[in-house]
Amino acid sequence: MRKYYFIALLFFFAACSNNKVDTIIHHAVIYTVDSSFTVAEAMAIKDGKIVATGSNEEIMDQYKATENIDAAGAAVYPGFIDAHSHFVGYGRSLFQVDLFGTNTWEETVARVKAFADEHPELSWIQGRGWDQNRWPGKSFPTNEQLNELFPDKPVVLTRVDGHASIANQKALDLAGIQAGQTIVGGSIETKNGKLTGILIDNADNKVYDQIPAPTKETYIQWLQQAEKNCFAQGLTTVTDCGLNYKDVEAIDALQKEGKLNMRMYVMLSDDPENYAVYLPKGPYKTDKLFVKGIKVYADGALGSRGACLLHPYSDKPDWTGFLLRDKQHYDSLAQVLAGTDFQMCTHAIGDSANREVLNIYNKYLKGKNDKRWRIEHAQVIHPNDFALFGKASIIPSVQPTHGTSDMYWAAERLGTERVKGAYAYQQLLQENGWMPLGTDFPVEDISPFKTFLAAVVRKDAKGYPEQGFQMENALTREATIRGMTIWAAKASFLENEVGSLEKGKKADFILLDQDLMKVAPEKILDTKVKATYSGGQKVH
Ligand SMILES: [Zn+2]
């Protein structure tokens, strides 16, 4: 009898104990993205964390909230996580000449001129986003017009992929670059013995080294604008693939001062200065910042023919591209990192670069493991090499919009056979059963909806191609959502904190005006983020 009394009492407390929480969101379609992809109606939040999810009745009977949000049937997803981006670089690019989408070199120069006229205070003119593959003739530009327009002011314009730049003579002079000079892991283009201004991969570092560091105010401006844009697109965590320890210190300080709220996973650049600071002390973690990755570049990009291929380019028969460093560099770094808690994350585009990195990773990881070493992009894979990912639990970190951006010319570079192993996301997913997705912004747009479209129907924003690009490698909607949330979290060792809406996790979530799991493909890009919450706080 006493036992029954006790159980009855429990029910009584459960029904009307009025557990106090901060927020209840109800009458929603909540994709929790838990292991069974459960859909809930309501969610209770306290102290920035999720207390419970369930039906409207369950949550509203058990909890009383200070704030009740009636979602009126809106779809709720975990905040999106971009597994590969350049957050600081994106912030910087917002204050430079925007050269994305230019259709000719002349149009590019005109934009630079207009920007320079508007900003006479700038000592350097910087721009980003040009892509000669969009222009008639598709050949690299030369710098004569920039030299005429800007004889005394240095100008450097980064290609869309960040793997090539064009600099004017003034910038080349300041950097001490001369015709005939050679550089490891880069190439300095000349025509008839004269510099053209085109600098590929490592060759442009010398120019960028000359640019004065931003003031603290400018830096804050970059990051705050980047954060605002990301929150507006439903991103609540971003991975920055390649920062200096000084950037990390600045970001950490801004987060602690409450000036920056974006959660960040950081990969440090492959630089002795960073190793000196971080290798002795190990990964660094706060509520909003986790520094645990090391970003290494194996090769360049396909668009600028810097990707390292096993066989020559189909559109440049004597050329295979190149590795950016000596093989020994990657091998010895992997050996060192295998003995630490750092995650090795290597950019590899060409099938040769991917094979080199896969072999080195396999050598030190020795079979299945939980070190979660990543290959960033994993773009062109030889058919024999896919299995090397699964063999050592190596994570392909891919960006679906790269596929739909490159599809216009990828077959010219690779030929019709080799291109089948490129942007092979479904095949790569099979290797470990999970895979993070990202954008590589500012190389691509920050929009997670473009990632969703590109992954699911393999079309670009124009709806091209009608049948989708290499559709055998499309991902399901569920896999794509996982790739943009929980799998992206897992790739950053953050899966116990973010990436799904489950008890105990941070209340990072978004309300959308239409449901990505159900909306017609042609309407995906119309999706609007009605609200974004980070740690239970409304940030958009
Ligand atoms: Zn990148």
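Note that the structure is predicted; figures quoted are calculated from it, not measured. Along each chain, residue indices are assigned from 1 in the same order as the chain's sequence is written. Selection of residues for local features in this predicted model requires a pLDDT of at least 70, selection of side-chain atom pairs for listing and counting requires 80 or more, and totals for whole chains, interfaces and linings are taken over all residues. Only hydrogens and water are removed before side-chain values are computed, so all heavy atoms of the structure are retained for them.

Asker: Looking at this structure, how should I read the overall build of the protein?
Answerer: Secondary structure elements are taken from DSSP: a helix is a run of H or I of four residues or more, a strand is a run of E of two residues or more, and numbering for both begins at the N terminus. A count of helical and extended segments in the protein gives 19 helices and 24 strands. Only C-alpha atoms enter the radius of gyration, while the globule expectation follows 2.2 Å times N to the 0.38, with N the number of residues. Relative to the 2.2 N^0.38 estimate, which gives 24 Å for 540 residues, the radius of gyration of the protein is 25 Å and therefore close to what a compact globule would have. Dimensions of the protein, computed from the C-alpha atoms along their principal axes, are close to 100 × 55 × 55 Å. Any two residues having at least one pair of non-hydrogen atoms within 4.5 Å are treated as being in contact. Across the protein, contacts joining residues at least 24 apart in sequence account for 72% of those joining residues at least 6 apart.

Asker: Please clarify how the coordination of the zinc ion should be interpreted in this entry.
Answerer: Four donors placed tetrahedrally around a metal ideally meet at 109.5 degrees, and six donors placed octahedrally ideally meet at 90 or 180 degrees. We call an atom a donor if it is N, O or S and sits within 2.8 Å of the metal, or 3.2 Å for Na, K and Ca. Water is not counted, so some sites may look partial. At 2.1 to 2.2 Å from the zinc ion lie its protein donor atoms, namely H84 (NE2), H86 (NE2) and D440 (OD). On the primary sequence, the residues serving as donors to the zinc ion are separated as H-x1-H-x353-D. Remark: D440 occurs in the loop between α16 (425-432) and α17 (448-456) and H86 occurs in the loop between β8 (80-85) and α3 (87-93); sequence separation between them is 354 residues. The pair H86 / D440 is uniform in exposure class, with both members buried. The buried label applies to any residue whose accessible area, calculated with a 1.4 Å probe on protein chains only, is under 20% of its type's maximum; exposed applies above 50%, and partly exposed to all values in between.

Asker: Sorry, what's going on with unusual backbone geometry here?
Answerer: Note: most peptide bonds trans; most residues except glycine with negative phi. Between F441 and P442 the backbone carries a cis peptide bond, its omega angle lying at 10°. In this structure, P442 sits in the loop between α16 and α17. Located in the positive-phi region is A72, a residue other than glycine, with phi close to 50°. Along the chain, the position of A72 falls in the loop between β6 (63-70) and β7 (75-78).

Asker: Just checking my understanding: could you explain the packing of helix α8 (residues 216-232) against helix α9 (residues 245-256) for this structure?
Answerer: Packed helices, taken two at a time, are described by the angle between their axes plus the distance between the axes. With axes taken as lines fitted to C-alpha atoms, and helix axes fitted only over the stretch in contact, angles between N-to-C directions fall between 0 and 180 degrees. The contact between α8 and α9 brings their axes to 12 Å, and the two run at 70°. The angle between α8 and α9 places the two elements in the roughly perpendicular class. Judged by residue contacts, Y219, I220 and L223 of α8 engage D247, A250, I251 and L254 from α9. Here the angle decides the label: under 35 degrees means roughly parallel, over 145 means roughly antiparallel, 65 to 115 means roughly perpendicular, and every other value means oblique.

Asker: What should I look at first to understand the packing of aromatic side chains in this one?
Answerer: Within 6.5 Å between ring centres, the rings of Phe, Tyr and Trp (the latter by its six-membered ring) count as paired, and their orientation is classed by plane angle as stacked under 30 degrees, edge-to-face over 60, tilted in between. This model, assessed by the stated rule, comprises 14 aromatic pairs. Between Y265 and F290, the aromatic rings sit 5.8 Å apart at their centres with planes inclined by 80°, giving edge-to-face as the arrangement. On the criterion of sequence distance, the pair formed by Y265 in strand β16 (residues 263-269) and F290 in strand β18 (residues 289-297) is long-range, its members being 25 residues apart. Of the residues examined, F290 reaches a relative accessible area of 10% and is grouped as buried. Relative to Y464, the ring of Y408 has its centre 5.0 Å away and its plane inclined at 15°; by these criteria the two rings are stacked. Taken as a pair, Y408 in the loop between α14 (400-406) and α15 (410-418) and Y464 in the loop between α17 and α18 (477-484) lie far apart in primary sequence, 56 residues in all. Taking relative accessible area as the criterion, Y464 reaches 43% and is therefore assigned partly exposed. Of the aromatic side chains, those joined through ring pairs into one cluster are W105, W130, W135 and F140. A positively charged side chain is recorded as over a ring if its NZ (Lys) or CZ (Arg) lies within 6 Å of the ring centre. The angle to the ring normal must also be within 35 degrees. Of note, K285 hangs over the ring of F290, and the distance from its end group to the ring centre comes to 5.3 Å. The ring of F493 carries the charged tip of K292 above its face, separated from the ring centre by 4.4 Å.

Asker: Mind showing me how you'd approach the environment of K194 here?
Answerer: Along the chain, the position of K194 falls in strand β14 (residues 194-201). For K194, a relative accessible area of 58% translates into the label exposed. The spacing of K194 and Y31 is 163 residues in sequence and 59 Å in space, taken between C-alpha atoms.

Asker: Honestly, α15 in this entry has me stumped. Any pointers?
Answerer: At 3.6 residues per turn, the α-helix brings residues three or four places apart onto the same side. Of the positions making up α15, those classed as buried are A410, R413, L414, G415 and R418. Summarising the contacts, the buried residues of α15 are in contact with α12 (351-365) and α14.

Asker: Where do I start with the sheet that holds strand β12 (residues 164-167) in this structure?
Answerer: Paired through backbone hydrogen bonds, the strands of a sheet run either parallel or antiparallel to each other. At least two DSSP bridges between two strands are required for those strands to pair. Strand order in this open sheet of six strands is β9-β10-β11-β12-β14-β13, and the pairing throughout is mixed. On the outer flanks of this sheet lie β9 (97-98) and β13 (186-191), each paired with one strand and no other.

Asker: What am I meant to see in the pairing of β13 here?
Answerer: In summary, the side chains of a regular strand alternate between the two faces of the sheet. For β13 and β14, the ladder comprises five bridges, and the chain directions are antiparallel. Bridge pairing links I188 to L199 in β14. Between the antiparallel neighbours β13 and β14 lie two residues, among them N192 with a positive phi of about 50°.

Asker: Would you mind showing me how to read α12 here?
Answerer: Here the expected span of a helix is defined as 1.5 Å times the quantity of residues minus one. With 15 residues, α12 extends 20 Å from end C-alpha to end C-alpha; this agrees with the ideal 21 Å at 1.5 Å per step. With 11 of 15 residues buried, α12 lies mostly within the body of the structure. Residues of α12 that are buried include every one of D351, S352, A353, N354, V357, L358, I360, Y361, N362, Y364 and L365, and no others. Directly after α12, the chain includes K366, whose backbone phi takes a positive value near 50°.

Asker: Even after reading the chapter, I still don't get the environment of R128, so can you show me in this structure?
Answerer: Checked against the element boundaries, R128 lands in strand β10 (residues 125-130). Since its relative accessible area comes to 15%, R128 is described here as buried. For the pair formed by R128 and D161, sequence separation is 33 residues and the distance between their alpha carbons is 9.0 Å. Setting aside residues no more than four positions away along its own chain, R128 makes contact with Q96, V97, D98, L99, F100, T158, R159, V160, D161, G162, P442 and V443.

Read these as layout, nothing more, since geometry by itself doesn't imply function.
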